[in-house]
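Fold and contact review
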Amino acid sequence: MDVKIEQSWKDMLSAEFEKDYFKNLTDFVRSEYLSGKIIYPKAKDIFNAFNLCPLDKVKVVIIGQDPYHEPGQAHGLCFSVESGVDLPPSLVNIYKEIESDLGRKSITNGDLTSWANQGVLLLNSTLTVRAHDATSHSGMGWETFTDAVIRILAQNRKHVVYMLWGSFAQKKAEFVDAQNNLILKSAHPSPLSAYRGFFGNHHFSRANEYLIANGETPINW
């Protein structure tokens, strides 16, 4: 199956693209886009996280659940919205933690493309969603695919930081060797849970300390 995705990921995931579940998933997603329903993100942005962050450039992985489902928000990077769009509450809290942790403000708009360009894989567990209908594409195969992404990444790269916020993201930790990578877990940055352990987790400084200790350039959060 010819999937339009960055070449290094395409090579590593080629076997996954031939599996029955992925063929069923692509049939489903294609039918959703063709049905007249509004689906996010735009089809060209489904694999944006991979296209902006080739496999050999990955330093940090952040995992979200599914794309934002309101107009103008989702563009293929978890927690990110395009410049000019109001900041979602979880992203507001991420920026608050960066300011508290690092003693400086982060970027002022919601577009996290600059993180992706530095080696942050901003991966949602489910890569598509219907408008106004959260988790509407869950259980259709995306989770199996993104499990495979983390497993393949962990098999091929060491000294990667996995920032896993909330129980949903933390399920991916089972695919990662904690001896050769840094796994950081905390509550989710959502307003419903941020005060139960996201604030004060110091994940951004801890990630950079680990990267520096392993000869990598830190992320300019």
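This section reports on the structure supplied with the text. Bear in mind the structure is a predicted one, so any value in this text is a computation, not a measurement. (Residues numbered from 1 in each chain as written. Predicted model: local features only at pLDDT ≥ 70, side-chain atom pairs only at ≥ 80, totals over all residues. Heavy atoms only, no water.)

1. Some details on the packing of aromatic side chains
As a reminder, the rule being used: For this analysis, a ring pair means two rings from Phe, Tyr or Trp (six-membered ring only for Trp) whose centres lie within 6.5 Å, classed as stacked if their planes differ by under 30 degrees, edge-to-face if by over 60, and tilted for the remaining angles. Put simply, DSSP marks the helices as runs of H or I at least four residues long and the strands as runs of E at least two long, and each gets a number from the N terminus on. Only protein chains enter the accessibility calculation, which uses a 1.4 Å probe; a residue whose area is less than 20% of its type maximum is buried, one above 50% is exposed, and one in between is partly exposed. Note on geometry: a ring has a charge over it if NZ (lysine) or CZ (arginine) is within 6 Å of the ring centre and within 35 degrees of the ring normal.
Counting across every chain of the model gives 18 aromatic pairs. Ring plane angle 75° and centroid distance 6.2 Å describe the contact between F47 and F145, whose orientation is recorded as edge-to-face. In this pair, F47 is assigned in the loop between β1 (39–40) and α3 (48–52) and F145 in helix α6 (residues 142–156), connecting sequence segments 98 residues apart. Note on F47: relative accessible area 11%, which makes it buried. Accessibility expressed as a relative area gives 0% for F145, which makes it buried. Relative to W221, the ring of F204 has its centre 5.0 Å away and its plane inclined at 75°; by these criteria the two rings are edge-to-face. Of the two residues, F204 is situated in helix α8 (residues 203–213) and W221 in the segment after α8; the sequence distance between them amounts to 17 residues. With relative accessibility at 0%, the residue F204 sits in the buried group. The residue whose ring lies beneath R151 is F175, and the NZ or CZ to ring-centre distance is 5.9 Å.

2. With respect to the layout of surface pockets
Here is the rule we go by: In this analysis, the protein atoms alone were mapped onto a 1 Å grid. Cavities are point sets where a 1.4 Å probe fits without being able to get out; pockets are open sets with protein on both sides within 12 Å along at least five of seven lines; lining residues have an atom within 4 Å of a point. Grid points are joined across faces, edges and corners, and a volume is the space filled by probe spheres set on the points. Gly falls in the polar group here, along with every residue not listed as nonpolar (Ala, Val, Leu, Ile, Met, Phe, Trp, Tyr, Cys, Pro) or charged (Asp, Glu, Lys, Arg).
Of the volumes computed, that of the largest pocket is approximately 610 Å³. In this structure, the largest pocket is lined by 36 residues; those nearest its centre are Q65, D66, Y68, F79 and H188. Secondary structure elements with two or more residues in the lining of the largest pocket: β2 (60–64), α4 (89–102), β3 (120–124) and α7 (167–170). By residue class, the composition of the lining of the largest pocket is 20 nonpolar, 14 polar and 2 charged. In this structure, the second largest pocket spans a volume of roughly 460 Å³.

3. A look at the sheet that holds β2
Stated formally: Between any two strands, pairing holds if DSSP finds at least two bridges. Helix axes are fitted to C-alpha atoms over the stretch in contact, other axes to C-alpha atoms as well, and angles between N-to-C directions run from 0 to 180 degrees. By definition in these notes, contact holds between two residues if any of their heavy atoms fall within 4.5 Å.
Strands sit in the order β3-β2-β5-β6 across an open sheet of 4 strands; the sheet is parallel. Since the sheet does not close on itself, it has two edges, and those belong to β3 and β6 (182–186), each with one partner. Averaged over all pairs of adjacent strands, the angle between strand axes in this sheet comes to 20°, irrespective of strand direction. Sheet topology places strand β5 (residues 161–165) next to β6; 5 bridges connect them, and they run parallel. Across the sheet, residue V161 finds its bridge partner in β6, namely L182. Strand contacts of α6: β2, β3 and β5, with the helix running at about 155° to β3, the strand carrying the most contacts.

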